[in-house]
Amino acid sequence: MAKRLHLALLFLLLLCQGTACAQPPATQPTATSVRHKPWVLISTDIGGSDPDDKQSMAHALLYADRLHFVGLVSTPTRHGGRASDLLEVIAAYEKDYPNLKTWSADYPTPAYLRSIVHQGQIEPQPPEGFSAQSSPGTDAIVQAAYRAREAGRPLWVLVWGAATDLAQALHTDPRIVTVLRVYSIGDWNTEQDRAARDYIHRHHPALWWIENDSSFRGPHIDENGRDNNGWRMEDARGHGALGEYFVAARPWGLKMGDTPSLLYLIDHADDGDPTADSWGGSFIRDPMRPQRWIDDPDRRLDIAGYAGAETIRRFQAAIYRDIAARFDRARAPRSPGTPLAASARPGG
């Protein structure tokens with residue numbers, strides 16, 4: 001009897017090593033849930049002296065059911081942010097996760113998000129734009145690009161700080177250029193590592209790249225270009241741990257200077273056409289580089305010298321309504337019978 005029981009248990013063990021009992025790791029999204037979502041890696045200088053990245057990251061996690069995050073890289077070139085700052089916002093997300101998952105089963109687990117956090121390079125690149133040293137963040141970009149290629153998907157790299165790790169990744173393995181879709185927030189970020197940005201521009205002309213140097217101000221400025229807007233902090237305050245984290249990062253108001261790169265992926269515009277009207281901006285093709293798009297210089301879209309800013313500011317009210325609805329998800333679980341449409345869906 002004991003021998004038969006032993007053989008039966010052995011049979012079940014062997015069976016479960018095959019596909020019959022195979023289950024995806026509990027910390028990873030299922031293949032079904034990521035099939036039609038953008039694959040996204042964010043390189044951010046969150047922490048240190050840049051509080052608006054904290055607001056942008058809280059916003060990103062509220063939409064984590066709409067995207068397949070494959071990497072969160074701390075690239076704190078020239079100031080004090082570290083991977084621990086990413087773990088801090090994930091800790092807030094973890095507190096709200098029980099509420100969020102009642103609205104969508106596609107929210108990733110906090111454990112999965114922690115597993116994709118990587119420390120990037122801390123110092124800017126030397127004048128040539130790359131170095132002999134890599135970083136876990138650089139390696140994460142390369143590895144994510146190969147996984148995306150195997151899945152037949154592009155990898156969206158959203159650059160919310162210096163391009164230090166992206167430049168190093170492209171130097172380490174230039175073959176990844178064909179799978180990358182880069183949306184970078186420039187201006188001050190670019191100046192933190194000009195050599196990295198210029199290396200990418202000089203040596204990788206085939207890179208699909210939206211370089212946003214001024215349109216990104218559209219979500220937070222008024223019609224006169226002032227850092228003034230109609231966002232109500234009451235729509236975040238008291239709305240879960242993410243809401244409190246958002247308010248504490250910048251109590252005097254919303255900025256989220258890096259968020260346009262994410263807005264570009266969550267509205268209903270064609271992600272493959274940067275010239276289309278989008279919450280993330282509308283851009284023109286660089287006449288010298290057909291795979292690069294830049295801020296639209298049309299004076300009608302200029303706000304106080306910020307080229308293209310009106311292409312985003314005109315959607316400001318709709319963007320704010322949608323963010324407020326997402327914070328409502330963090331505040332309370334979905335009531336039985338409440339339609340998902342109660343959270344505004346991004347649109348045109």
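Bear in mind that the values here come from a model prediction, so they are computed numbers and not experimental data.

Along its length, the protein carries 13 helices and eight strands. Of the contacts made within the protein by residues no fewer than 6 positions apart, 76% connect residues no fewer than 24 positions apart.

Moving on, we come to unusual backbone geometry. One non-glycine residue with positive phi stands out, namely Asp187, at about 55°. In this fold, Asp187 is placed in the loop between β5 (180-185) and α8 (188-191). For Met256, which is not glycine, the phi torsion reads 50° and is therefore positive. For Met256, the location among the structural elements is in the loop between α10 (240-249) and α11 (260-266).

One open sheet holds the eight strands; their spatial order is β3-β2-β1-β4-β5-β6-β8-β7, and the pairing between them is mixed. Of all the strands in the sheet, the pair left with one neighbour each is β3 (117-119) and β7 (283-286). Sheet twist, expressed as the mean angle between neighbouring strand axes with direction ignored, is 20°. Inspection of the sheet shows strand β6 (residues 208-212) paired to strand β8 (residues 289-295) by three bridges, in the parallel sense.

Closest axis-to-axis distance for the helix α7 (residues 164-172)/helix α9 (residues 194-203) pair is 8 Å, and the angle between their directions is 40°. In terms of orientation, α7 and α9 fall into the oblique class. Crossing of α7 over α9 shows left-handed handedness. For the pair formed by α7 and α9, the contact residues are Thr164, Leu166, Ala167, Leu170 and His171 on the first element and Ala196, Tyr199 and Ile200 on the second.

Now for the side chain of Thr44. Within the fold, Thr44 resides in strand β1 (residues 39-44). You can call Thr44 buried: its relative accessible area is 0%. When sequence neighbours within four positions are dropped, the list of residues in contact with Thr44 reads Asp53, Met57, Val73, Ser74, Thr75, Pro76, Leu86 and Trp160.

This next bit is on the side chain of Arg289. Residue position: Arg289 is located in strand β8. We note that Arg289 is buried and unpaired, the nearest opposite charge coming from Asp286 at a distance of 4.8 Å. Not counting residues up to four positions away in its chain, the partners in contact with Arg289 are Ile200, His201, His204 and Pro205.

Most of β1 is tucked away, with six of its six residues classed as buried. With burial as the criterion, each face of β1 is covered, one bearing Trp39, Leu41 and Ser43 and the other bearing Val40, Ile42 and Thr44. Where β1 meets strand β2 (residues 68-74), six bridges bridge the pair, whose relative direction is parallel. Across the sheet, the residue bridging to Trp39 is His68, located in β2. Taking the sense of rotation as the criterion, the β-α-β connection linking β1, helix α3 (residues 52-62) and β2 turns out right-handed. Two elements, β1 and strand β4 (residues 155-160), share six bridges in a ladder whose sense is parallel. If you follow Thr44 over to β4, its bridge partner there is Trp160.

Below, the discussion takes up helix α4 (residues 83-103). For α4, spanning 21 residues, the distance from its first C-alpha to its last is 28 Å, which sits close to the expected 30 Å at 1.5 Å a residue. Where α4 bends most, at Tyr97, the angle is about 60°, and the proline Pro98 comes one to four residues later. Of all the positions in α4, only Ala83, Asp85, Leu86, Val89, Ile90, Ala92, Tyr93, Asp96, Tyr97, Asn99, Leu100 and Trp103 are classed as buried.

What counts, and where the lines are drawn
Residues numbered from 1 in each chain as written. Predicted model: local features only at pLDDT ≥ 70, side-chain atom pairs only at ≥ 80, totals over all residues. Heavy atoms only, no water. Helix = DSSP H or I, 4+ residues; strand = E, 2+ residues; numbered from the N terminus. Contact = heavy atoms within 4.5 Å. Pairing = 2+ DSSP bridges. Axes fitted to C-alpha atoms, helices over the stretch in contact; angles between N-to-C directions. Parallel < 35°, antiparallel > 145°, perpendicular 65-115°, else oblique. Left-handed = near helix turned anticlockwise from the far one by under 90°. Buried < 20%, exposed > 50% of the residue type's maximum accessible area, 1.4 Å probe, protein only. Lys, Arg positive; Asp, Glu negative; His and termini not counted. Salt bridge = Lys/Arg side-chain N within 4 Å of Asp/Glu carboxyl O. Right-handed = clockwise from strand over helix to strand, strands pointing away. Expected span 1.5 Å × (residues − 1). Bend = angle between axes of the 7 residues up to and from the residue.

No statement about biological role is implied by the geometric values presented.
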